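Spelled out from the first residue to the last, the chains are:
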2 protein chains.
Amino acid sequence: MATIRDVARLADVSVATVSNVLNSADRVSPELAARVRAAMEKLSFTPHAGARSLRKRSSGLIGLVVGDITNPFFSDLFEAVEDAAAACGYLVLLCNSNERSEREEAHLRMLRTQRIDGLILAPTGAVSMNRASLLAQLEVPVVLVDRAMEGLGYDAVVLDNRRAGFEATQQLIACGHRRIGLVNGPDVLRTAAERLAGYREALLAAGLSFDPALVRDAGFRQQPAEQAMAELLALPEPPTAIFATNNLMTIGVAKAVADRGLACPQDISLIGIDDLPWAAAVSPQLSAIAQPVRAMGEAALALLIRRLAGTLSGPGTTIVMEPRLVIRRSCGAPAQELSAAGKPAHVD
Amino acid sequence: MATIRDVARLADVSVATVSNVLNSADRVSPELAARVRAAMEKLSFTPHAGARSLRKRSSGLIGLVVGDITNPFFSDLFEAVEDAAAACGYLVLLCNSNERSEREEAHLRMLRTQRIDGLILAPTGAVSMNRASLLAQLEVPVVLVDRAMEGLGYDAVVLDNRRAGFEATQQLIACGHRRIGLVNGPDVLRTAAERLAGYREALLAAGLSFDPALVRDAGFRQQPAEQAMAELLALPEPPTAIFATNNLMTIGVAKAVADRGLACPQDISLIGIDDLPWAAAVSPQLSAIAQPVRAMGEAALALLIRRLAGTLSGPGTTIVMEPRLVIRRSCGAPAQELSAAGKPAHVD
DNA sequence: ACTCGTTTTTGTAACGTTTCAATCAGGCTC
DNA sequence: GAGCCTGATTGAAACGTTACAAAAACGAGT
């Protein structure tokens, strides 16, 4: 494979000149530059990223580690980040931790040997001390997405989770629901805790009481959500509407509903966080709180670039993005509502 | 950041020894190795991939370029490839071409500067001469996935597309359908052509005639599929069942069906290629020809590894994987079938 | 004790770039 | 025509590793 020396020889210039046309093109006279470029073309020369990264002390690589690339949220995120990074001349190294923190840590080590220039991390699970030190060892700027880790001083891009929880719940209340189930993630995660807070706030605002029996932790996963939903449906007084706080759990909930032969929204209403690309194509047509995923990816990359360029310094900035309510047919009036009007208070 | 020299100094050995414990651990005595490892630990030393790739003439990087990471087929593929690669000590560089061949070519150039050791490519669109030469310039083994490119002598892993087309169609025929629409990709792509061939073969085997008016090219994309489906439904004698030859088009078709207020399978039956993770959770519960995606990814990586190890040489091998039929409720008997029995031939 | 194989260890030259100080070639000014 | 300035070009020293040949250490066999 052709090297810079070969190009220099063919164009009859020094290697330094070739390097100059590659990097600071304006420092070399037009005629020479043209000659050099012709030589490169002829030899189909491609610079060696390794050598370059060795000499300059940067690799042009940005790491992106996500929990599950199979989740549309993360694949969209990757797409957005990759596009934005390409525009800035960076290459994105995607790491999929499969939601296992050991894998994630292995990836962080790998990224260190690659000498990435910066990292965008969608942390899986809670902060471990171990991970914090791995991040520090990276010695590069880090931007968190989706889940913030307070106290480490990193930049972050997150959804306004409280508001997301509030709006979803409010929407169900507006349809007339009074018993609203919540299928949530573990409340040790800030994300889940805030969504729960929004849910409670909306209940409070509507003068409804909070019933702990209606909220379940399904770990942000599909299978447990299905199970949790089954339990909620088996309650003596089951909820008439469900709010699931991420896309996987929304699917799990829909599955449980379908398995019991219930129709949506006739028998039960449903709203989730994260819109899904096929949501309008199938039944129930899922209503959702959409996250501006692309914008989040772009914002995260922009923060990183500003850190790298030195135009941003000091303690971590957190960018809060606003959710967007997408109403489709999975939310409707509760069946009870209609009949309850003319029904006596206690029928046992 | 600590270098190999620092480690050597601290452990009081030569740099060569440090390098040896890193690479060929058995060539160095246990006690020294321990000392060196302790020093590495203390300095939290991490080798520099760039320098390494410069000196050894390999980077430990494998490129994977796909058309659309947002498509579950490709995100599953990535997951499988990454897992398998990690087990062999390789890191996967994912490139998302967004189905645009210019992006794909830019990515191939990028991968060349990264000096990847091998490439797994799910080619988007048809073979261009330009791309063929870019691939050749890479000077590394290439394995094609999903779509083969004949004549270039590369290894490939593909689905038995003819059989997939055959089985899907056969299934619909078995339900009693006689007018089966085909929403396919462009038949310049081998994949699409073979699926079409399987479709025709199944019709023939059942003594049904092939009606070109019932087949549409929707470019393997959702939006055009929705459009194509609308056209099929507007036909004077619309099909009673549809076979869509990939997941995006299946969604598009489902959307068109839903938009017209038709029920599935009561009004129309539906089967697609590529199973979807949420297929059982929503209605219609989509039947599908599932591709063994993980196995395909693993097979592709295995081929690549064998090429790299030199245990496989000579002309390209093509591995053909078998599809698996997953029947859910989106296939049923045609409505016409029931009433047509007692109905006169022409009712206008 | 001495020579020979083995096994460990080491010095050092690459690998392909960039950087930086140094040289060179013109063109101005006086 | 000498002196200077400016901008283009270049030589050579890194950057952190590995590979290879050479040196050292170690036993074993005489």
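Residues numbered from 1 in each chain as written. Chains lettered and ligands numbered in written order. Predicted model: local features only at pLDDT ≥ 70, side-chain atom pairs only at ≥ 80, totals over all residues. Heavy atoms only, no water.

Student: Is there a simple way to explain the domain arrangement of chain A in this structure?
Tutor: When the parts of a complex come together, some accessible area is lost, and that lost area is often taken as the interface size. Assigned domains within chain A: domain 1 (4–47), domain 2 (61–159 + 293–322) and domain 3 (161–291 + 326–340). Centre-to-centre separation of domain 1 of chain A and domain 2 of chain A, based on C-alpha positions: 36 Å. (Domains from an automatic or database assignment.)

Student: Sorry, what's going on with the protein's contact with DNA strand D here?
Tutor: Around DNA strand D sit 25 residues, and of these Thr-17 and Arg-57 of chain A together with Ile-4, Ser-19 and Arg-55 of chain B come closest. When the atoms of DNA strand D within 4 Å of the protein are sorted by group, sugar and phosphate make up 67%. Note that a phosphate oxygen of DNA strand D is positioned 2.6 Å from one of the backbone N or O atoms of Ile-4 of chain B. At a separation of 3.1 Å, a phosphate oxygen of DNA strand D approaches a polar backbone atom of His-48 of chain B. Contributions of two or more residues to the surface near DNA strand D are made by helix 2 (15–22) and helix 4 (49–55) of chain A together with helix 2 (15–22) and helix 4 (49–55) of chain B. When its residues are assigned to classes, the surface near DNA strand D shows 10 nonpolar, 9 polar and 6 charged. (Near = heavy atom within 4 Å. Polar contact = N/O pair within 3.5 Å; in protein donor to acceptor, adjacent residues only side chain to side chain. Helix = DSSP H or I, 4+ residues; strand = E, 2+ residues; numbered from the N terminus. Nonpolar A, V, L, I, M, F, W, Y, C, P; charged D, E, K, R; others polar.)

Student: In this structure, what is going on with the sheet that holds strand 6 (residues 180–184) of chain B? I would like to understand it.
Tutor: The pairing of strands in a sheet comes from backbone hydrogen bonds and takes either a parallel or an antiparallel form. Residue and element names in this part refer to chain B. The mixed open sheet is built from 6 strands, whose spatial order is 7-6-8-9-10-12. The open sheet has two free edges, formed respectively by strand 7 (215–217) and strand 12 (324–326), since each of these has just one partner strand. Going from strand to strand, the sheet's axes swing by 15 degrees on average, the running direction of each strand aside. The pairing of strand 8 (residues 241–244) with strand 9 (residues 269–273) spans 4 bridges and is classified as parallel. Bridge pairing in strand 9 places Ala-244 opposite Gly-272. In the packing of helix 11 (residues 247–259) onto the sheet, the strands contacted are strand 6, strand 8 and strand 9, and the crossing angle to strand 9 comes to about 160 degrees. (Pairing = 2+ DSSP bridges. Axes fitted to C-alpha atoms, helices over the stretch in contact; angles between N-to-C directions. Contact = heavy atoms within 4.5 Å.)

Student: Before we go on, may I ask you to explain the protein's contact with DNA strand C in this structure?
Tutor: Contacts to DNA strand C come from 26 residues, most closely from Ile-4, Ser-19 and Arg-55 of chain A together with Thr-17 and Arg-57 of chain B. Backbone atoms, meaning sugar plus phosphate, form 66% of the atoms of DNA strand C positioned within 4 Å of the protein. At 2.6 Å, a side-chain N or O of Thr-17 of chain B approaches a phosphate oxygen of DNA strand C. Here a phosphate oxygen of DNA strand C sits 2.9 Å away from a polar atom, N or O, in the main chain of Ser-29 of chain B. Elements supplying a minimum of two residues to the surface near DNA strand C: helix 2 and helix 4 of chain A together with helix 2 and helix 4 of chain B. At 4 residues, helix 2 of chain B tops the list of elements feeding residues into the surface near DNA strand C.

Student: Can you walk me through the environment of Ser-97 of chain B in this structure?
Tutor: All names here are of chain B. By the element assignment, Ser-97 lies in the loop between strand 2 (91–96) and helix 6 (101–113). On the accessibility criterion, Ser-97 (0% relative accessible area) is buried. The sequence separation of Ser-97 and Ser-313 amounts to 216 residues, and the corresponding C-alpha distance is 29 Å. Once residues lying within four places of it in the same chain are set aside, the contact partners of Ser-97 are Val-66, Gly-67, Arg-103, Glu-104, His-107 and Thr-124. (Buried < 20%, exposed > 50% of the residue type's maximum accessible area, 1.4 Å probe, protein only.)

Student: Just to check I follow, could you spell out helix 1 (residues 4–11) of chain A for this structure?
Tutor: Within an α-helix, residues lying three or four positions from one another point in the same direction, as the helix has 3.6 residues per turn. All names here are of chain A. Buried residues of helix 1: Val-7, Ala-8 and Ala-11, and no others. Projected onto a plane normal to the axis of helix 1, the buried residues spread over an arc of 100 degrees and lie on a single side. For helix 1, the exposed residues lying more than 90 degrees away from the buried face are Arg-5 and Arg-9. Its buried side turned inward, helix 1 meets helix 2 and helix 3 (30–43). For helix 1, the N-terminal cap is Thr-3; the gap from its side-chain oxygen to the backbone nitrogen of Arg-5 is 2.8 Å. Downstream of helix 1 by a residue or two, Asp-12 has a phi angle that is positive, lying close to 60 degrees. (Arc of directions from axis to C-beta.)

Student: For this particular structure, what's the right way to read helix 11 (residues 247–259) of chain A?
Tutor: All names here are of chain A. Along its 13 residues, helix 11 runs 18 Å from first to last C-alpha, staying within 8% of the 18 Å computed at 1.5 Å per residue. For helix 11, the tally of buried residues reaches 10 of 13 residues, placing the bulk of the element in the interior. Of all the residues in helix 11, the buried ones are Asn-247, Met-249, Thr-250, Ile-251, Gly-252, Val-253, Ala-254, Lys-255, Ala-256 and Val-257. Among the structural elements, helix 5 (72–87), strand 6 (180–184), helix 10 (222–234), strand 8 (241–244) and strand 9 (269–273) are those in contact with the buried residues of helix 11. Structurally, the start of helix 11 carries an N-cap: the backbone nitrogen of Leu-248 is 3.4 Å from a side-chain oxygen of Asn-246. Positive backbone phi, approximately 70 degrees, marks Gly-261, located one or two places after helix 11. (Expected span 1.5 Å × (residues − 1).)

Student: Can you walk me through the environment of Leu-93 of chain A in this structure?
Tutor: Here Leu-93 of chain A is to be found in strand 2 (residues 91–96). Overall, Leu-93 of chain A belongs to the buried group, its relative accessible area being 2%. Here the alpha-carbon distance between Leu-93 of chain A and Ile-62 of chain A, two residues 31 residues apart in the chain, equals 6.0 Å. The residues contacting Leu-93 of chain A, other than those within four sequence positions of it, are Leu-61, Ile-62, Gly-63, Leu-64, Leu-111, Gln-114 and Ile-116 of chain A together with Leu-91 and Leu-93 of chain B.

Student: Just checking my understanding: could you explain the packing of helix 1 of chain A against helix 3 of chain A for this structure?
Tutor: Helix-helix packing is characterised by the crossing angle of the two axes and by the distance between the axes. Residues and elements named next belong to chain A. Running from N to C, helix 1 and helix 3 point in directions that differ by 125 degrees, and their axes come no closer than 9 Å. When the axis of helix 1 is compared with that of helix 3, the two are oblique. Considering how the two elements wind past one another, helix 1 and helix 3 form a crossing that is right-handed. Here Asp-6, Val-7, Leu-10 and Ala-11 of helix 1 lie close against helix 3, whose contacting residues are Arg-35, Val-36, Ala-39, Met-40, Lys-42 and Leu-43. Split into classes, the residues belonging to the contact of helix 1 with helix 3 amount to 7 nonpolar, no polar and 3 charged. (Parallel < 35°, antiparallel > 145°, perpendicular 65-115°, else oblique. Left-handed = near helix turned anticlockwise from the far one by under 90°.)

Student: Sorry, what's going on with the relation of the copies chain B and chain A here?
Tutor: Each copy of the chain is related to the other by a rotation around an axis and a translation along that axis. Mapping chain B onto chain A is achieved by rotating through 180 degrees and translating by 0.1 Å along the same axis, at an RMSD of 0.1 Å. Taken together, the turn and the small shift mark the pair as related by a two-fold rotation axis. Considering only C-alpha atoms, the residue of chain B closest to the rotation axis is Gly-50 of chain B, which sits at 1.9 Å. A share of 100% of interface residues in chain B that are also interface residues in chain A marks the association as one of identical surfaces. (Least-squares fit on C-alpha atoms with pLDDT ≥ 70 in both.)

Student: Even after reading the chapter, I still don't get the pattern of salt bridges, so can you show me in this structure?
Tutor: The tally for this structure, following the rule as stated, stands at 40 salt bridges over all chains. A salt bridge links Arg-163 of chain A to Glu-167 of chain A, with the shortest nitrogen-to-oxygen separation between them at 2.8 Å. You can see Arg-163 of chain A and its partner Glu-167 of chain A sitting in helix 8 (residues 161–174), 4 residues apart, about one turn around the helix. For Arg-163 of chain A, a relative accessible area of 29% corresponds to the partly exposed category. Glu-298 of chain B is paired through a salt bridge with Arg-294 of chain B; the nearest N and O atoms lie 3.8 Å apart. Residue Glu-298 of chain B and its partner Arg-294 of chain B are located together in helix 12 (residues 293–309), separated by 4 residues, close to a single helical turn. The exposure class of Glu-298 of chain B is partly exposed, given its relative accessible area of 37%. Linked through salt bridges whose partners overlap, the residues forming this network are Glu-79, Glu-82, Asp-83, Arg-294 and Glu-298 of chain A together with Arg-103 of chain B. (Salt bridge = Lys/Arg side-chain N within 4 Å of Asp/Glu carboxyl O.)

Student: Which parts of the structure should I look at to understand the interface of chain B and chain A?
Tutor: Contacts between chain B and chain A engage 53 residues on the former and 53 residues on the latter. When chain B packs against chain A, close to 4600 Å² is buried across both sides, 56% of that on carbon and sulfur atoms. For the chain B face of the interface with chain A, the top three residues by lost area are Met-1, Leu-91 and Arg-115 of chain B, together amounting to 13%. Applying the counting criterion to the chain B and chain A interface returns 4 salt bridges. The interface formed by chain B and chain A holds 19 residue pairs in polar contact (both at pLDDT 80 or more) in total. Elements with a contribution of two residues or more to the side of chain B that touches chain A: helix 4, helix 5 (72–87), strand 2, helix 6, helix 7 (129–138) and helix 11 of chain B. If you tally residues by element for the side of chain B that touches chain A, the top one is helix 5 of chain B, at 7 residues. (Buried area = accessible area lost by both parts, 1.4 Å probe.)

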